[in-house]
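Results of the structural survey
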Amino acid sequence: MLMSHKGRPARIHYLQGTYRVLVPGDHVICAVTHQPIPLSELRYWSAERQEAYVDAASSLKAEGRG
């Protein structure tokens, strides 16, 4: 039986320049805006903080929180 992961958040381990999917899903949540980010559009994250960001502005905002 095939399981659909549509609509479910993925659990990701973020690495430098890549990431590893720990629990399958079709999106992650931005740590700053709380918007869903489809995995196919995931471009910004912090391996240090293990967070995803919807865009560069959110990534910079997260740097300022630290």
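Quick note: structure is the one above.
A brief report on the enclosed structure follows. The shown structure was predicted, so the numbers you read here are calculated from the model rather than taken from an experiment.

Quick word on the overall build of the protein chain
- Helices and strands together make up the secondary structure of the protein chain, namely one helix and six strands.
- Since a compact globule built from 66 residues should have a radius of gyration of about 11 Å, the 12 Å found for the protein chain is in line with a globular shape.
- Principal-axis analysis of the C-alpha atoms places the extent of the protein chain at approximately 45 × 20 × 15 Å.
- Across the 66 residues that make up the protein chain, the buried fraction comes to 27%.
- If you take every contact in the protein chain between residues at least 6 apart in sequence, the share linking residues at least 24 apart comes to 25%.
- Surface accessibility of the protein chain: about 4,700 Å² in total, with carbon and sulfur atoms responsible for 54%.
- Within the protein chain, the 6 negative side-chain charges are centred at a point lying 6 Å from the centre of the 8 positive side-chain charges.

Here we look at the nonpolar core
- Core analysis: the largest hydrophobic core is formed by 12 residues, namely Ala-10, Ile-12, Tyr-14, Val-28, Cys-30, Val-32, Ile-37, Leu-39, Leu-42, Ala-52, Tyr-53 and Ala-62.
- Looking at this core, the elements that each hand over two or more residues are strand E1 (11-15) and strand E6 (51-53).

Brief notes about unusual backbone geometry
- With a phi close to 65 degrees, His-34 is a non-glycine residue in the positive phi region.
- On the secondary structure map, His-34 appears in the loop between strand E3 (27-29) and strand E4 (36-38).
- Non-glycine residue Gln-50 carries a positive phi angle of around 55 degrees.
- For Gln-50, the location among the structural elements is in the loop between strand E5 (44-46) and E6.
- What makes Gln-50 partly exposed here is its relative accessible area of 30%.

Considering helix H1 (residues 56-65)
- Turning to H1, its buried residues are Ser-58, Ser-59 and Ala-62. Along the long axis of H1, the arc covered by the buried residues comes to 100 degrees, so they all point the same way. Residues of H1 that are exposed and point more than 90 degrees away from the buried face comprise Ala-57, Leu-60, Lys-61 and Gly-64.
- Buried residues belonging to H1 abut E5 and E6.

A word on the side chain of Ser-58
- The residue Ser-58 is located in helix H1 in this model.
- In this structure Ser-58 comes out as buried when scored by relative accessible area, which is 5%.
- With residues near it in sequence (within four places) discarded, Ser-58 still touches Cys-30, Val-32, Thr-33 and Tyr-53.

Calculation notes
- Residues numbered from 1 in each chain as written.
- Predicted model: local features only at pLDDT ≥ 70, side-chain atom pairs only at ≥ 80, totals over all residues.
- Heavy atoms only, no water.
- Helix = DSSP H or I, 4+ residues; strand = E, 2+ residues; numbered from the N terminus.
- Rg over C-alpha atoms; globule rule 2.2 N^0.38 Å.
- Buried < 20%, exposed > 50% of the residue type's maximum accessible area, 1.4 Å probe, protein only.
- Contact = heavy atoms within 4.5 Å.
- Areas by Shrake-Rupley, 256 points an atom, 1.4 Å probe, with all protein chains shown as cover.
- Lys, Arg positive; Asp, Glu negative; His and termini not counted.
- Charge placed at Lys NZ, Arg CZ, Asp CG, Glu CD.
- Core = buried A, V, L, I, M, F, W, Y, C linked by side-chain atoms within 4.5 Å.
- Arc of directions from axis to C-beta.

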